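# Report on the structure
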Amino acid sequence: MFERHRKKAAVLFAVVDVVLLIAAFEAAYQLRVFLPLPLEFYILSPVKGLVLVFTLLVWLLTGWWLGVYDRLYAHQIRAAIYDTVRQVILTTLGLVAFQFILKLDISRVFIGLFAVFSFVLLLFYRIAAGPLRGWIRRQFGAEAFHVIVGSGETALEVGRRMEAAREYGIRLVSFVDPAGHLSPNVHLKKTYPVWRVNDLAGRLRGHVIDEIIFSVEASKLVDLEEIFLLCDEEGVRIRVVIDVFPYAHRNVYLDRFGTVPFLTFSATPDDEVRLFVKRALDVVLASLSLVVLSVPMLLLSILLRATSSGPAIFRQVRCGLNGRTFTFYKFRSMVENADELKPALEHLNERDGPIFKIADDPRMTSLGRFLRRYSIDEWPQLWNILRGDMSFVGPRPAVPSEVSQYATWQRRRLRMRPGLTCLWAIHGRDNVDFDTWMKLDLQYIDNWSLLLDVKILLQSIPQVVAGRGAS
């Protein structure tokens, strides 16, 4: 199904979730009020509204985080049960934590009843969601009739996918072969007529056609200019299959510079709104962290100066977003002349690729070893985050000498703002080999979302606290 259809259906599923959760919340509340228990129970209306709104937000965020609303289309009972159980558990834990933080007096029986009612109502709905999809489509969107212009294998594959999406209201009407290669009919699961290009204007008047999909070679698009103009005059939506560049397929969208249109290909995240939110969160969290850690950082600076010669802060040039260089800060964990000693230790290097790493590096100071183990030496990078050089989550910033040795496919990791932690940090930190490290960074870039950032941050905390995998 088309992305816009998927998003619309996901919103509808979420709206139904909200309605059922409100019903479960109110049913649990009323039952608890009337239960003959020793303690009387009631919640003031403002508090009740606050608790309900918080519960709904946690439920929707966990559903978004877990990808629940994308899986509802598959109509798999096992997945529905698993997702509902996880959402109920996480939402209940969130409600308990919310009560504890705000010191609210909420009955545990009520919370238990709400968990049971929400599980039963939501599970029943999700199991029945498959049959309900047709009703939802009829209520909130009409059928969409499509014509495919093209005769190649890609055109036929688009036709097969449209047949598979029939339950979402996608209807394939016919094919159009501009070169006359197709037989009078195309046989897929169903049989479709093949129209001539010259007859298309009349066909548009005699049939309901919502969209025309062009799946032809780029060189043939110019010859079809009259069809594009005809569709524009008729108000028929046009889609063009982009398979001219077989490897440029991650993100494709139309943008404009003034009145000039651009077809844009991007192999990295390019949603300006979400990237802005990511940057705003970085600024807020970095500011708060610097305020909270200011005194400990000052004491550490004094301690570092007192226990070994050299500055407390180590400065180094690193590569940032798209290869921009910046000054990178961290607490000094080695002796002052560590760079001068490095050539004599090259034979002890334990890492492959351009990375230099020794588990028991003799240049490390005793205090520096402790700081490195628990990533305390990274605290000054909060200033890099505040400046915009780095983010909390992203590929680690490399030194220019390492970047110069990257293979071509590894350079794409520079297309995301570097960070304090990333996927490699939750897969073994310094125990990850170089190629795996690069692949994990690219996996992060290809699958980036704000929720993925939250997951990585939450999973990195126990790694850092336990000091696992750092050297």
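Residues numbered from 1 in each chain as written. Predicted model: local features only at pLDDT ≥ 70, side-chain atom pairs only at ≥ 80, totals over all residues. Heavy atoms only, no water.

### Overview of the sheet that holds strand 3 (residues 185-187)
Taken together, six strands build an open sheet; the order of strands is 3-4-2-1-5-6 and the sheet is mixed. Among the strands making up the open sheet, the edge pair consists of strand 3 and strand 6 (237-240). Neighbour-to-neighbour, the strand axes of this sheet turn through a mean angle of 30 degrees, independent of strand direction. Sheet topology note: the strand 2 (residues 170-176)/strand 4 (residues 191-195) ladder contains two bridges and is parallel. Within the sheet, the bridge partner assigned to valine 176 lies in strand 4 and is tryptophan 195. Here helix 7 (residues 153-164) sits on the sheet and contacts strand 1 (144-149), strand 2, strand 3, strand 4 and strand 5 (211-214); the angle it forms with strand 2, its principal contact strand, is near 155 degrees. (Pairing = 2+ DSSP bridges. Helix = DSSP H or I, 4+ residues; strand = E, 2+ residues; numbered from the N terminus. Axes fitted to C-alpha atoms, helices over the stretch in contact; angles between N-to-C directions. Contact = heavy atoms within 4.5 Å.)

### Considering unusual backbone geometry
At asparagine 322, a residue that is not glycine, the phi angle is positive and equals roughly 60 degrees. Examined against the element boundaries, asparagine 322 turns out to sit in the loop between strand 9 (313-319) and strand 10 (325-331). The class for asparagine 322 is partly exposed, based on a relative accessible area of 38%. (Buried < 20%, exposed > 50% of the residue type's maximum accessible area, 1.4 Å probe, protein only.)

### Some details on the nonpolar core
Within the largest apolar cluster, 41 residues are counted, with the highest numbers of intra-cluster contacts made by Leu371, Trp437 and Tyr444. Of all the elements in the fold, those that place two or more residues in this core are helix 11 (272-307), strand 10, helix 13 (366-373), helix 14 (381-387), strand 11 (391-393), helix 16 (434-446) and helix 17 (450-466). By size, the runner-up hydrophobic cluster in this structure holds 27 residues, among which are Leu20, Phe25, Tyr29 and Tyr125. (Core = buried A, V, L, I, M, F, W, Y, C linked by side-chain atoms within 4.5 Å.)

### Some thoughts on the packing of aromatic side chains
A full pass over the atoms with the stated rule returns 10 aromatic pairs. Geometrically, the ring pair formed by phenylalanine 214 and phenylalanine 228 is stacked, given 4.4 Å between the ring centres and 15 degrees between the ring planes. Taken together, the residues phenylalanine 214 in strand 5 and phenylalanine 228 in helix 10 (residues 225-234) connect sequence positions 14 residues apart. On the basis of relative accessible area, phenylalanine 228 is assigned to the partly exposed category, the value being 24%. (Phe/Tyr/Trp six-rings, centres within 6.5 Å; stacked < 30°, edge-to-face > 60°.)

### What to know about the packing of helix 2 (residues 45-66) against helix 17
Their axes nearest at 9 Å, the elements helix 2 and helix 17 cross at an angle of 90 degrees. Put simply, helix 2 runs roughly perpendicular to helix 17. Contacts from Leu61, Trp64 and Trp65 in helix 2 reach Leu451, Lys455 and Leu458 in helix 17. Of the residues contributing to the contact of helix 2 with helix 17, the split by class is five nonpolar, no polar and one charged. (Parallel < 35°, antiparallel > 145°, perpendicular 65-115°, else oblique. Nonpolar A, V, L, I, M, F, W, Y, C, P; charged D, E, K, R; others polar.)

### Re the environment of alanine 338
Relative to the helices and strands, alanine 338 resides in helix 12 (residues 338-341). Put simply, alanine 338 and methionine 364 are 26 residues apart on the chain and 8.4 Å apart in space, counted from C-alpha to C-alpha.

### Some points on helix 5 (residues 108-127)
Spanning 20 residues, helix 5 covers 28 Å between terminal C-alpha atoms, matching the ideal 28 Å at 1.5 Å per step. What helix 5 keeps buried is the set Phe110, Ile111, Leu113, Phe114, Ala115, Ser118, Leu122, Leu123, Tyr125 and Arg126. If you check the start of helix 5, you find a side-chain oxygen 3.1 Å away from the backbone N of valine 109, and it comes from serine 107. (Expected span 1.5 Å × (residues − 1). Polar contact = N/O pair within 3.5 Å; in protein donor to acceptor, adjacent residues only side chain to side chain.)

### Examining a nonpolar patch on the surface
A contiguous nonpolar surface patch, about 540 Å² in accessible area, is contributed by Ile77, Ile81, Val85, Ile89, Leu90, Leu93 and Ile127. Take the nonpolar patch: its biggest share by element is six residues, from helix 4 (residues 77-102). Mapped onto the fold, isoleucine 81 is located in helix 4. Of the residues examined, isoleucine 81 reaches a relative accessible area of 35% and is grouped as partly exposed. (Patch = residues over 30% accessible without salt bridge, like charges linked within 9 Å, V, L, I, M, F, W, Y side chains within 5 Å. Areas by Shrake-Rupley, 256 points an atom, 1.4 Å probe, with all protein chains shown as cover. Salt bridge = Lys/Arg side-chain N within 4 Å of Asp/Glu carboxyl O.)

### Some details on the pattern of salt bridges
Following the criterion strictly, the structure yields 15 salt bridges and no others. Among the ionic pairs, glutamate 153 bridges to arginine 160, the shortest N-O distance being 2.9 Å. Judged by its relative accessible area of 34%, arginine 160 is partly exposed. Between glutamate 211 and arginine 239 there is a salt bridge whose closest N-O contact spans 2.6 Å. With a gap of 28 residues between them, glutamate 211 in strand 5 and arginine 239 in strand 6 connect regions that are remote in the sequence. What emerges from the salt-bridge pattern is a single network uniting Glu153, Glu157, Arg160 and Arg161.

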